[in-house]
Amino acid sequence: MTKSRTVLSGVALILLFAGVGAASLLFRSALPAISPPAPDSFDRTLVKQGEGLAQIGNCTGCHTMSGGKSFAGGLALKTPFGTIFSTNITPARETGIGAWSRAAFVRAMREGVARDGSHLYPAFPYDHFTRASDRELEALYAFLMTRPPVEQPTPANRLVWPLENRWLVAGWNLLFLREGPSNDNDRGRLLAEGLAHCGGCHTPRNKLGAEDTAHAYDGAWTDGWYAPPLNATSPAAQPWSADALFAYLHTGLSKTHAAAAGPMGGVTRQLSQAPDADVRAIATYFAGLMKDAPGARTPLAAIDRQSEIDKSDPEGAALFAGACASCHAPGAPMMQQGRPPLSWGTPLRVDSPHDTLHVIVEGLASPAGPTGPTMPAFGNDFTDRQIAQIVAYLRARFTDLPPWPDLEQAVAAVRKGVGQ
Amino acid sequence: MSTISRRSLLGQGALVVAFALSGKAVAQEPKKSGLPGDLEKYPELDSWIRIDTEGRATVFTGKAELGQGLRTALIQIAADELCVTPGNVDLITADTARTPDEGVTAGSHSMQDSGTAILNAAANVRALLTDAAAWRLVTAADQVELADGIASAPNGQQVSYGELVAAFSLHVVAKPDMPRRTKGRRLIGEDFPRVDIPAKVSGGPAYVQDMRLPGMLHGRVVRCPSDGTRLKDADFDVVLKLPGVEKIVREGRFTAVIARTEWQAVKAQRALQTAGWERTGAPLASTDLTKTVRGMPAEDVPIFAYPGPPAPADARTLKVTYTRPCLLHGSIGPSCAVAQWENGGVTVWSHTQGVGPLRKSLAELLHLPPEKVRCIHVEGSGCYGHNGADDVAGDAALAARAVPGKPVRLQWMREQEHGWEPLGCPMTVDLEAQLGTDGRIAGWRHQVWSNEHNDRPTSGGGLLAGREMEPPFPAQKSRPIPMPEGGGARNGNPLYALPNASGVFHFVADRPVRVSALRGLGAHMNVFAIESFMDELALAAKADPVAFRLLHMKDERARECIEKAAAAFGWAARKKGSGFAFARYKNLGAYCALAMEIEVDRATGAIDVRRIVAAVDSGEAISPDGIRNQIEGGIVQSLSWTSTEAVTFDPTHRTSFDWSAYPIVRFPSVPRSIDVHVIDRPGQPFLGTGEASQGPAAAALANAIADATGLRLRDMPLGADKIKEGLGS
Amino acid sequence: MITLKINDTQHEVEAEPDTPLLYVLRNDLALNAAKFGCGLGQCGSCTVLVDDRPVYSCLVPISSLGTRQVRTVEGLANAEGPGVVPAAFEAEQAAQCGYCIAGMIMRAEGLLSRTITPTESELRQYMAPNLCRCGTHMRILAAVRRAAVAMGGGVKEDRP
Ligand code: FES
Ligand code: FES
C-alpha cells in the first residue's frame, strides 16, 4: 500500500534527522506542575479576549467529543498515520491542563511540547500557533484555565508503527516547524495563518503530513471532505467578496454560494460567535486571495438545464423531482426565500463529488447556531446506484462541467467514511 | 374503546375537563332561564341528546376536538350521567347543520359551556327515562335502578332504554336544577382512556387531512413567502398544460391550482411560484417587532387596581422590563380543508375552532346567505389557537367553487403554514414594585404593551383569501378583550394579595404583522413577567422564593397548590439550579404551581432540565390522566417557546419559513422527567386546564437559570447563546 | 404502472414515477398513518420503514423503491392487536392531537428493530428527527421504553 510505504519512508527520514538532531531537541524537560489557579485570578477582559481567539481557532472543534463536555477532548481524529485522540484542555488537574503554568502552555502552543516534556503530534497545529502573540496566548490560557475542569482521561492513540514513539516528532519539527512572525499588520493574514489555521484543511499536505506551503490554499482533503481552494484557483461561481465571505463565516450561509458543511460547519458555528472584526479581517484577507478567480472575474449566471437533462436522464429527473425538488426546485420554499441555487454551490463545481455525496448521505446540520439551513440525510433512502444517479443528474443539470467518473464507488467510499 | 363513535368516521379526538357544580344542583351559573352553560342558548334536550330505539345515545356539542381530549371528556360525562356504557355514546361535534352553535372552542371554556350543558341535559334525560321506566315496570320512580342502558325494578323486571324512548319526547325544554345522580359506578374521576387514541396509533382515519370523498380533487393555494408580499404573474398557460392540472383559480390576488392528484397539484403550485414575488405592504419598519409595537400609539386600558396605602418612604423600588418575540403556533400538520359546492351552496370540512363564526366569514367571502354554507368540524393536527385552519377553509371553498359538484381537498404546505399563520403577539411588560423593609411588597405596577391577541375571523376580511379579493374585504378591527378574561392583559392581575397595585394594558390597535390568539394569549408573558419578578423581589428581600410567594398569597387553594408542588419536589432540600413559579389561569381557571431543577453547561450555556414537578388543581377532575397529559404537554411546549423560539423577519418578509429557520424543541433536549400531581376536588366547579402551565413553566425556567448562574434573563427566548453571553467568560 | 411492496403486499400503482411515497400511501392506497407535515424532511411525521430503516416518505420517489419492502403503522397490526409498539403508545396514552404519532411509532420501530436495549441518550438521539408540537415527548419516550421491555429488552439511563 502506498500509504504504509509513505509512512515508512517518512519514518526513515525522521530517524535520520533524529539521529543527527541534538538530544536537547529530542528530549525536552518537564516544566513544574502548578496547582490550578483560581478562575477569578484572571482578568475578565483577558478571558473574554481569549474566548474570541478560541472561537477563531475552533479549539472546541477538535477538543470536544460529540455530546461530550466542552474542551474535555477525546475526539478521534483520523489521519493517514492512524487515529489520534484530542487531549483534554480543561483545567482538570490530573487529566487536563490544570497543572500547566502559562509557560508550559505557551511552549505547547508554539513548540508542540506538553508540560511533561513529551512531544505532541502535529495534528495539533502548533506550526500555525507560532504566529500568535504572547498577549494572545496569555488570553487563550486565561480563557481555558477559567473553564469548568472536567476529569476525563484521553484514550491512547492508535498510530502506525513506529509513530507511537513521540520523540520521532522532533525530527518532524526540525523539518517543518518554522516560526512565523507574530506581528503582521494584515490582521486577516495573521489570523488565517495563525490561530485560525485555515491551511490545516485548505492547504494540501506532503507525505509526512506537513502543509505544502508552496501550494498554500490550493484545496485539500480532510476526513473525506474536500476543502476547496481559497486562492485564484477557487472554483466558486460567484465572487467571494469580503461581505459574502463574512456572511458565510458568520452565519454558515452565503446567498450566492452555499451552506457550510462537514468540518467547515463546526468552524462557522464557532466563527458565528467570534468577534466580528476578526472574522471580517479573515474574510477580507481571503477575498483578496480569491479576487482573480474565474468566478470573481466573470460571475456565472445560475445554470439550470432542466428541460434538456430531464429528457436525457429521466430516471435521475424522477429522483430529483421526488427527493430534492421540495427544497431545491425553482418555486420551492428554499428558493422562494432566497437560498442559493444549486449551480452556485462550490460542491457541484469541484473535481470530486465527495462533498456533494457527504451532504446527501449524511445530511447537513445547521452550520451556525440553532437556526440555519439544514438538510435531511438520504443515506437510508437510496441505494448507492440511486445516489450516484442523483449526483450525476445534479452535475449535468446545474453545471457546465464534465460528468464525474466512478460515482457509485465514490458513494460506497463515502458511506464507509473513507475519503480521499 | 374502539367501538365508540363508529358512526362518526371522522373527527375523533380528545382533553381535559373538569366540572362545575354549585351545591347539589348541576347548575353552574344560572342565567335568565336558570339553565346552565349553553343550555341557556339551546334549552331543548334533543339539541344535546338523542337516544335511538337500539338504546344508543347520540350527544351533540358545538365545541370541537382540538387534540385536547374534549371528545373523551364529554362522552365520559354523558355516559356517567345517562348510566350507559361509554361505547354506547356517539358524540357529534361542531357542525352548523346539526349541533348547537357554541361559538369558538377556545380559552378553556368547553367544559363550562358545553360540558355543563350536556351534564344537565343528561340529568334531565335520565329523569325522563326513570319516569318512563317506573310507569312501564309499575313501580315508583325512586325504586328504578339505571345501569348500562337498562332500567330495573326491585322485582328484577327490566326494560331497555331503546324500548323506553318511544314513550316520551326529548323535544322539551330542560328543567334547571336537576340533581346529579348519586348512585352507581362513576366514570367521572377515572383515568379514562382517550377514545381517539386507538385510531391514531393504528392508522385509522382521524383527521380532516385523512378525508377522501368520491371524486375528490386536490388543491393547492399559491402564495409568496408571507403577508405583505405579492406574487408576480407566472405563465399560467404553461402550468395549465402540466399533467393532471384541472383548473387554475384566480380571483383578485387569490390564486389556487386544482389537479387530479395531490402531487400534481404540488408541482403545479411550485411552477406558479417560480415567477418571484415583491413586497407590496409597507416595509417592515424594524426587525425587532417587540420594540416596534411598544413604540406605537396605544390606547391605555386599565387591567386592575388593588387599593392600599402608598409605599413607605424607605421602601426600595425595583423596576424591570421583560419581552417576548412573535411566536408561531406551528401545528405539525399544515392546515387543511375539504370543500364541495352543490346546489349553489357549499359544505366545508374544517378543523376550525369555531364553525359558526367560520360560516359567517365564508358566507361573506363567497357572497352567500349563511344558510347556504355548512361548516363541519373535523379534527386536524393540534391547533394551540388561531392558526391557518380558517384561512385554508376559505381557500378550499374558493377553489371548489370552480369545480362545482366535486369535493376539493386543499392542504397548505409547510412554508405556507409558517409564513402565513397569524402569530402569537410580540409583548413587553414593565414591572415596578416597592419592597418594604419588612420584606413585603408595598406597591406594584404592571404595564403591558401588545396588540390584541384575537383576530379570529368573523367576516370576509378575517380570512386571508378575503384580503386577496379585488376589492379586498376590510381588515377586521381589533378591540381589547375585557377582563377578567383579557387578551394581552390576561393574567396581568396577580393573584397575590398586593397593596397599592395596579396594571394597565397599552393596547396597540395597529398590527405591523398578522397576529392573533396563541394558547394562553397574554398569560404566557404576563405570568412569565410576574413570576420572574416575584423571584427578583424575593432575592432582594433575601427570602426563599416559595416562602415569599406564600407570604403574599391569601387564596387557600393557591396556597395548597404551591405547597403541594414544593413538597413533592423537595423544595426544602433543593439543589442549586432550582426554580419555582405559580399562576391560576386567568385567575378563574386551573391553579398550577411548578418547580424545576436544571443544570447549565457554563461553557455552552446549554440547559439540561433534570426534573419538573407540578401540582394542578382543576376543580373536580373528570380524568386525572387527561389533566396530566395536558399539563405535561403545556410545559414542554412552553419550554420550547420560552427557550428557543422567535419568528424572524427581514424588511421584506417573514423569514422563519420552515423548521430549520424556526426550530422547536426536539427529544434530546426535553426534560428528563415531568411529574404532575392532580389535586382532585370532587363537587367543585371544573376549571379550564389546557393553558394553565404555559406561564408557570416559562417563569420557572427563568428562575432556575437565575438560581443556577446568577443570571436574570428577561428577554425571551432564554437560549443557550444568551446564557453564554450573559455569563461572559 | 409501478409495483410497490408495502406491508407484505404487492401493489400496482398508477402514479408518476417521481411521486413521493407519502402521497401514494395516503391517496392511492388509502393508508392514513403516515402524515404530511413538512414535505422537507424536517419533521418526521411521514416516517415509514424501508427495509427496516426509517425514511421520510415525503422525500422518497416511488421510482426508487424497486423491490424494497415498505412498512407503515398499518402493517404492524396482527391478529392479536395493533402490534407491540402501537400498543405501548396506547397504554401510555401517548398522544394529544396525535398527528405526529404514526411517525413516532415507525421511528421507534426502526430503533427497536436494531436494538431492544438502547440507552436513554441513544433513544432520544434516535427520535430526534421527529417533531411533536403538543409536547407529548415524555409519554412518547415512556411508550418506547415500555415497548422495549415488552420485547424482552429495556432502555438504560446512561446520563450522569
Ligand atoms: S413530512 Fe416528511 S419529514 Fe416532514
Ligand atoms: S401529539 Fe400533537 S403533534 Fe405530537
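Residues numbered from 1 in each chain as written. Chains lettered and ligands numbered in written order. Predicted model: local features only at pLDDT ≥ 70, side-chain atom pairs only at ≥ 80, totals over all residues. Heavy atoms only, no water.

Here we look at the overall build of chain B
Then, number 1: Along its length, chain B carries 17 helices and 26 strands.
Then, number 2: Against the globule reference of 27 Å for 729 residues, chain B gives a C-alpha radius of gyration of 27 Å, in line with a compact fold.
Then, number 3: Each of the 729 residues in chain B was classed as buried or not, and the buried ones make up 67%.
Then, number 4: Carbon and sulfur atoms form 53% of the exposed surface of chain B, whose accessible area is close to 23,900 Å².
Then, number 5: Considering chain B, the positive charge centre built from 80 side chains and the negative charge centre built from 82 side chains are found 2 Å apart. (Helix = DSSP H or I, 4+ residues; strand = E, 2+ residues; numbered from the N terminus. Rg over C-alpha atoms; globule rule 2.2 N^0.38 Å. Buried < 20%, exposed > 50% of the residue type's maximum accessible area, 1.4 Å probe, protein only. Areas by Shrake-Rupley, 256 points an atom, 1.4 Å probe, with all protein chains shown as cover. Lys, Arg positive; Asp, Glu negative; His and termini not counted. Charge placed at Lys NZ, Arg CZ, Asp CG, Glu CD.)

Focus on the nonpolar core
Then, number 1: Counting 151 residues, the largest nonpolar core has W444, F580 and F582 of chain B together with F89 and I140 of chain C as the members making the most contacts within it.
Then, number 2: Tallying contributions element by element places helix α12 (residues 523-540) of chain B first for this core, with ten residues.
Then, number 3: Counting 54 residues, the second largest nonpolar core, distinct from the first, contains L407 of chain A together with V13, Y23 and L65 of chain C. (Core = buried A, V, L, I, M, F, W, Y, C linked by side-chain atoms within 4.5 Å.)

Digging into the interface of chain A and chain C
Then, number 1: Between chain A and chain C, the contact holds 16 residues from the first and 19 residues from the second.
Then, number 2: For the pairing of chain A and chain C, the buried interface totals around 1,300 Å² over both sides, and the portion due to carbon and sulfur atoms is 58%.
Then, number 3: The tally of links between chain A and chain C comes to zero salt bridges.
Then, number 4: For the pair chain A and chain C, the interface holds five residue pairs in polar contact (both at pLDDT 80 or more).
Then, number 5: If you tally residues by element for the side of chain A that touches chain C, the top one is helix α16 (residues 314-328) of chain A, at seven residues. (Contact = heavy atoms within 4.5 Å. Buried area = accessible area lost by both parts, 1.4 Å probe. Salt bridge = Lys/Arg side-chain N within 4 Å of Asp/Glu carboxyl O. Polar contact = N/O pair within 3.5 Å; in protein donor to acceptor, adjacent residues only side chain to side chain.)

Notes on helix α2 (residues 110-137) of chain B
Because an α-helix completes one turn every 3.6 residues, residues spaced three or four positions apart along the sequence face the same direction.
Then, number 1: Under the 1.5 Å per step criterion, the end-to-end length of α2 of chain B is 38 Å for 28 residues, consistent within 8% with the ideal 40 Å.
Then, number 2: Remark: V138 of chain B follows α2 of chain B within two positions and exhibits a positive phi of approximately 50°. (Expected span 1.5 Å × (residues − 1).)

Some thoughts on the interface of chain B and chain C
Then, number 1: With 68 residues of chain B in contact, the opposing surface of chain C contributes 50 residues.
Then, number 2: The junction of chain B with chain C conceals about 5,000 Å² of combined surface from both sides, 53% of it contributed by carbon and sulfur atoms.
Then, number 3: By the criterion of area lost to chain C, the three top residues of chain B are V201, W263 and F667 of chain B, representing 18% of everything that side buries.
Then, number 4: Along the contact surface separating chain B from chain C lie seven salt bridges.
Then, number 5: K35 of chain C is the partner of D210 of chain B in a salt bridge, and the nearest nitrogen-oxygen pair spans 3.6 Å.
Then, number 6: In this assembly, chain B and chain C are joined by 38 residue pairs in polar contact (both at pLDDT 80 or more).
Then, number 7: The element that contributes the greatest number of residues to the side of chain B that touches chain C is helix α15 (residues 624-644) of chain B, accounting for ten residues.

Focus on the side chain of T203 of chain A
All names here are of chain A.
Then, number 1: One can find T203 in the loop between α10 (199-202) and β4 (220-222).
Then, number 2: Of the residues examined, T203 reaches a relative accessible area of 3% and is grouped as buried.
Then, number 3: In this structure the side chain of T203 is engaged in a polar contact, spanning 2.9 Å, whose partner is the backbone nitrogen of Y217.
Then, number 4: Discounting chain neighbours no more than four positions away, the residues touching T203 are E211, D212, H215, A216, Y217 and A220.

Topic: the sheet that holds strand β5 (residues 145-147) of chain B
Residues and elements named next belong to chain B.
Then, number 1: The three strands are arranged β5-β6-β7 in an open sheet whose pairing can be described as antiparallel. Sheet topology places β5 and β7 (158-160) at the edges, where each strand pairs with a single neighbour. On average, each strand axis in the sheet is inclined to that of its neighbour by 25°, with strand direction left out of account.
Then, number 2: In terms of strand pairing, strand β6 (residues 150-152) meets β7 through three bridges, oriented antiparallel. Bridge pairing links I150 to S160 in β7.
Then, number 3: Together, β5, β6 and β7 form the strand contacts of α2, whose direction differs from that of β7 by roughly 135°. (Pairing = 2+ DSSP bridges. Axes fitted to C-alpha atoms, helices over the stretch in contact; angles between N-to-C directions.)

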